Structure formats: C-alpha cells, structure tokens
Amino acid sequence: MIDLSEVVRLLLEKKKILILAHSHPDGDTLGSAFALSRALRAKGKQTDVLCGDEITKNYEFMSMGMEKQSFVPEFVVAVDVADEKLLGGELEKKYSQKIDLCIDHHGSNTGFAAISYIDSDSAATAEIIFDIINIMGIELDKYMADCIYTGISTDTGCFRYSNTSSRTHRIAAEVIDAGANTSAIDREFFETKTKTYAALEKMALDTLKMYFDEKCAIMTVTREMFSKSGSNAAECDKIAALPRQIEGVLVGATIREQEGGSVKISVRTHPPVDAAALCSRMGGGGHIRAAGCKIEAGIEKATEILLSNIKEALSEYDEGKK
Ligand SMILES: [Mn+2]
C-alpha cells in the first residue's frame, strides 16, 4: 500500500478532481468528501463532490458551503467507500472501474480502485483526511473543522464506540481549536430525533426479540413501518444501534425490508463477536463492531439465515471459553 505522502503527491499533481461519497450517505463519507474538496480548492484545484443519493438536511451545511463546479475530471477519488457497489446505481454505472484512488478505513474494502489507501485503525475516514490536509500544509478553516468533526463524531457514536482512539480525541481537539461547532453538531446528530424517526423507533422496538440466552437481540423494520411513520432509510441509520444497547447482548441486528423482496441487515456487536466476519459469511462486510449485508430473501427466510450465522458465531466464542 502507498503511504499518505504519496496520496498527497498524487492529488496535488492533478487539477480537476472529482470526489465520490457512498450512497445513503453518512457524516463520515460526506464530511471526508467536503473537507477534502475544500482543502484541494485551497490548493487551486477544481473539485466537486458527488453522491448517488440526496444529501439530507442535517448535512446541508456541507454541500451549501461549497458551490458546485463543473468540469471533466482528470482524477476520481472515492472516500469512505468500501465497495464499488456502495456508490449506488447511477454513480456505480458511470464510474465503475474508473476510480483512480480510494481513501477509506473499512478493513473489508474490496480494492476496487486503481490505488487504495486503507487504514482500518482510523475510526473514521475523516481522520485520514485530517492527516492529508496537514501534510498539504493547509490551515484548517471552520468549514473543514466542522466537516471533519462530523465525520469523526458520527462514526464513533460521539466518541463512545470502541474504534475511538487517543488519536481520535487528539484530532477532535485540533478541529475544536480550528473552530468546529461541536455542541451544535452533537446536538443535531446525537440529541435530536425527527418525529417521524421517533415513531419508527417505537414500532421497531415493539418487534425486538431475544435469542441464544439473550445474547442476541433482533429488531425488524418493515416497509409498512416506514410508510406508517413517514420515516425513511436516510434518517433511520441510528436505529441499528438499539438492539446492542440491551444489557447482556453481544450481537444486535436490525433487519430492514427493502423493495423487491430483499432485506438489509445491520449488525452491531460487543467483544468478542466480530461483526465484519459475521456479515462476510452472508456476503457483506464492514468493521469489527459494526457491519452489514444484504440478503435476497423475505424477512422470515432472512431471519433464519441470520440466526443460524449468529448461532455459529456465538458457539465459536463458547468453544473458545472451554
Ligand atoms: Mn466511515
């Protein structure tokens, strides 16, 4: 793998750089993309950020802070994108096999880009972007600071998840010194629920079931619940954190019904269960404590598949204890 100064050299030798975020965007992919975009513009580059899905209102401060530029890109960079498929329909079609560089922190990254810089020790891709900006010798402005803080805080559950390192806190300290509006960002992402999300959460919690000596909790979100609550996939990301919050639970999973008879599964684990390993058995991937997969089956069948894989993962652990 190339080192970060090589990544910086590659970026600085190009003039027109397109940055791609993953579909169903989160704070890290967008914060990383927009902070990098701003930094490259400070170096006199033309840049633009594209995302396959609409950018929701709580991230609008990022897109509205950077006017669109249109150009034919010389260099295409994907940030926080673990798999080309995660670019989403249109972008995947257009840029498949045409990504020059991927900057990411998913250990499960498929290596789809011509060049990849993957650091799975980083809690967020935004930590890597922070280092890139430093190497470029650019002073962080408030906009970049807000973007990077959003990426780091959202990927660490506001500095609570086990991926949070001393480096995470050091970078947070630096972006706070650069003017990041942490209290407003924390309030927006960790202390605020839309009414539609609250309604969805209530229905989803009603479906919660415990398995395997109550070490596993599973919640199901149907399409009907989306339409009844008025919520949508974009605002229901944080729902995946709920099952693991119950005491004694080592594996929390959320099954979300999709259009066309498939489901998306989000898995959150506590040690010693490896969420990425569990999801990779079902064709997905992610991080050690947070991962996901898609199953081409209805809720009932998908639940069976999920349960048998969780059972196996938990029994490996029980055997390890013997
Ligand atoms: Mn991330």
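The present account deals with the structure reproduced in this document. (Residues numbered from 1 in each chain as written. Predicted model: local features only at pLDDT ≥ 70, side-chain atom pairs only at ≥ 80, totals over all residues. Heavy atoms only, no water.)

Points about helix H8 (residues 182–190)
Move 1: The complete set of buried residues in H8 reads Thr182, Ile185, Asp186 and Phe189. Summarising the axial view, the buried residues of H8 lie within an arc of 100°, below the 170-degree limit, and thus occupy one face. Exposed residues on H8 whose side chains face more than 90 degrees from its buried face are Ser183 and Arg187.
Move 2: As for H8, its buried residues are in contact with helix H6 (142–155) and helix H7 (166–177). (Buried < 20%, exposed > 50% of the residue type's maximum accessible area, 1.4 Å probe, protein only. Helix = DSSP H or I, 4+ residues; strand = E, 2+ residues; numbered from the N terminus. Arc of directions from axis to C-beta. Contact = heavy atoms within 4.5 Å.)

Quick word on the coordination of the manganese ion
Move 1: All of the protein donors around the manganese ion are Asp28 (OD), Asp80 (OD), His105 (NE2) and Asp155 (OD); their distances to the metal are 2.2 to 2.3 Å.
Move 2: On the primary sequence, the residues serving as donors to the manganese ion are separated as D-x51-D-x24-H-x49-D. Highlighted residues: aspartate 28 in helix H2 (residues 27–42) and aspartate 155 in helix H6, separated in sequence by 127 residues.
Move 3: The buried category is assigned to aspartate 155, whose relative accessible area is 18%. (Donors = N, O, S within 2.8 Å, 3.2 Å for Na, K, Ca; no water.)

So, the pattern of salt bridges
Move 1: A complete count under the given rule lists 15 salt bridges for this structure.
Move 2: Linking lysine 93 and glutamate 90 is a salt bridge whose minimum nitrogen-to-oxygen distance equals 3.7 Å. A residue pair is termed a helical-turn pair when its members lie 3 or 4 positions apart in one helix, as lysine 93 and glutamate 90 do in helix H4 (residues 89–95) at three residues. Side by side, lysine 93 and glutamate 90 carry an identical accessibility label, which is exposed.
Move 3: One salt bridge in this structure joins glutamate 304 and lysine 301, with 3.7 Å as the shortest N-O distance. Placement of both glutamate 304 and lysine 301 in helix H12 (residues 299–321) is noted, with a separation of three residues, approximately one turn of the helix.
Move 4: Overall, lysine 301 belongs to the partly exposed group, its relative accessible area being 46%.
Move 5: One salt-bridge network, held together by shared partners, links Glu6, Arg9, Glu13 and Lys14. (Salt bridge = Lys/Arg side-chain N within 4 Å of Asp/Glu carboxyl O.)

As for the sheet that holds strand S11 (residues 290–295)
Move 1: Here six strands make up an open sheet; going across it, the order is S6-S7-S8-S9-S11-S10 and the pairing mixed. Unpaired on one side and paired on the other, strand S6 (209–211) and strand S10 (285–286) mark the two borders of the sheet.
Move 2: Pairing between S10 and S11: two bridges, direction antiparallel. For glycine 285, the partnering residue across the bridge sits in S11 and is glycine 292. (Pairing = 2+ DSSP bridges.)

Brief notes about the side chain of arginine 289
Move 1: For arginine 289, the location among the structural elements is in the loop between S10 and S11.
Move 2: For arginine 289, which is buried and forms no salt bridge, the nearest opposite charge comes from aspartate 274, at a distance of 5.9 Å.
Move 3: In this structure arginine 289 touches Ser162, Arg244, Val267, Arg268, Thr269, His270, Pro271, Pro272, Val273, Asp274 and Ala275, once residues within four positions along its chain are discounted. (Lys, Arg positive; Asp, Glu negative; His and termini not counted.)

Some details on the sheet that holds strand S2 (residues 46–50)
Move 1: Sheet architecture is open: five strands sit in the order S2-S1-S3-S4-S5, paired in parallel fashion. Of all the strands in the sheet, the pair left with one neighbour each is S2 and strand S5 (115–118). Ignoring which end each strand starts from, the neighbouring axes of this sheet average 20° apart.
Move 2: In this structure, strand S1 (residues 16–20) lies alongside S2, joined through five bridges in parallel fashion. Looking at the pairing, leucine 18 lines up with aspartate 48 of S2.
Move 3: Strand contacts of H2: S1, S2, strand S3 (75–79) and strand S4 (101–104), with the helix running at about 170° to S2, the strand carrying the most contacts.
Move 4: Against the sheet, helix H5 (residues 125–135) makes contact with S3, S4 and S5, and its axis sits at roughly 115° relative to S4, the strand it touches most. (Axes fitted to C-alpha atoms, helices over the stretch in contact; angles between N-to-C directions.)

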